[in-house]
Amino acid sequence: LHFGCIRGDGDKIESLSRTPCVITEPLVVLYSLFRFSDACGGYRQFTLGRLMDFSVQSGGISPSRIFGIERERLRGILEGLAVNHSDFISVSFAHDLEKISLSEGMSSADVLKVFLGRIK
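Residues numbered from 1 in each chain as written. Predicted model: local features only at pLDDT ≥ 70, side-chain atom pairs only at ≥ 80, totals over all residues. Heavy atoms only, no water.

**Student:** I would appreciate a short explanation of the sheet that holds strand E4 (residues 89-94) in the present structure.
**Tutor:** The pairing of strands in a sheet happens through backbone hydrogen bonds and is either parallel or antiparallel. Judged by pairing direction, the sheet is antiparallel, and its 3 strands sit side by side in the order E3-E5-E4 without closing on themselves. The open sheet terminates on both sides in strands that have one partner only, identified here as strand E3 (45-46) and E4. Here 2 bridges tie E3 to strand E5 (residues 97-102), and the two strands are oriented antiparallel to one another. Counterpart to Gln45 in the pairing with E5 is Ser101. Each of E3, E4 and E5 touches helix H1 (residues 27-39); the most contacted strand, E5, lies at about 85° to it. Its contacts with the sheet put helix H4 (residues 71-84) on E4 and E5, and the angle it makes with E4 is roughly 130°. (Pairing = 2+ DSSP bridges. Helix = DSSP H or I, 4+ residues; strand = E, 2+ residues; numbered from the N terminus. Contact = heavy atoms within 4.5 Å. Axes fitted to C-alpha atoms, helices over the stretch in contact; angles between N-to-C directions.)

**Student:** Quick question: what am I supposed to make of the pattern of salt bridges here?
**Tutor:** Pairs may arise between side chains of opposite charge once their charged atoms sit close together. Per the stated rule, a full pass over the model turns up 3 salt bridges. As a salt-bridge pair, Arg71 and Glu98 come within 2.1 Å of each other at their nearest N and O atoms. On the criterion of sequence distance, the pair formed by Arg71 in helix H4 and Glu98 in strand E5 is long-range, its members being 27 residues apart. For Asp110, the salt bridge identified is with Lys113, shortest N-O distance 3.8 Å. Within this pair, Asp110 and its partner Lys113 are both found in helix H5 (residues 108-119), separated by 3 residues, close to a single helical turn. You can call Lys113 exposed: its relative accessible area is 58%. (Salt bridge = Lys/Arg side-chain N within 4 Å of Asp/Glu carboxyl O. Buried < 20%, exposed > 50% of the residue type's maximum accessible area, 1.4 Å probe, protein only.)

**Student:** Would you mind going over the pairing of strand E2 (residues 12-18) with me for this structure?
**Tutor:** As a general feature of sheets, a regular strand has side chains that alternate between the two faces. Within E2, only 0 of the 7 residues are buried, which leaves the element largely exposed. Across 6 bridges, strand E1 (residues 4-9) lies against E2 in antiparallel orientation. Bridging across to E2, Gly4 finds its partner in Arg18. Taken together, E1 and the strand that follows it, E2, pair antiparallel across an intervening segment of 2 residues, in which Gly10 is found at a positive phi of about 65°.

**Student:** What exactly am I supposed to notice about H5 here?
**Tutor:** Residues that lie three or four places apart on an α-helix share one face, since the helix turns once every 3.6 residues. The end-to-end C-alpha distance of H5 is 17 Å, a good match for the 16 Å that 12 residues give at a rise of 1.5 Å each. By the burial criterion, the buried members of H5 are Ser108, Asp110 and Val111. For H5, the angular spread of buried residues about the axis comes to 165°, placing them on one side. Exposed side of H5, more than 90 degrees from the buried face: Lys113 and Gly117 are the residues found there. (Expected span 1.5 Å × (residues − 1). Arc of directions from axis to C-beta.)

Geometry only, nothing functional implied.
Printed below as a string of structure tokens:
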């Protein structure tokens, strides 16, 4: 995922810096959204603003925080997921209204089944 970069000389580490990770499989974000939902008491609707607001105290950690994803990049990933996996997620970004909805009948385990089905 390329979470960061290490600079150093041999065994000596001079610095560690976090960088946005490289997500080549959007299902990783979808899975983390369902896990986030579970940790937030099963709440299935979010706004993009909520996912980007790290000051909100909750039981879960937003995918944007886990992976260091910026707002516009996350929006693009979510829109792609809604097109390719509409049975799991729907999104609406119109004017200043943002709505991200996870399907009630689906779970993080169902996302894993889709992912595992791809690699067989």
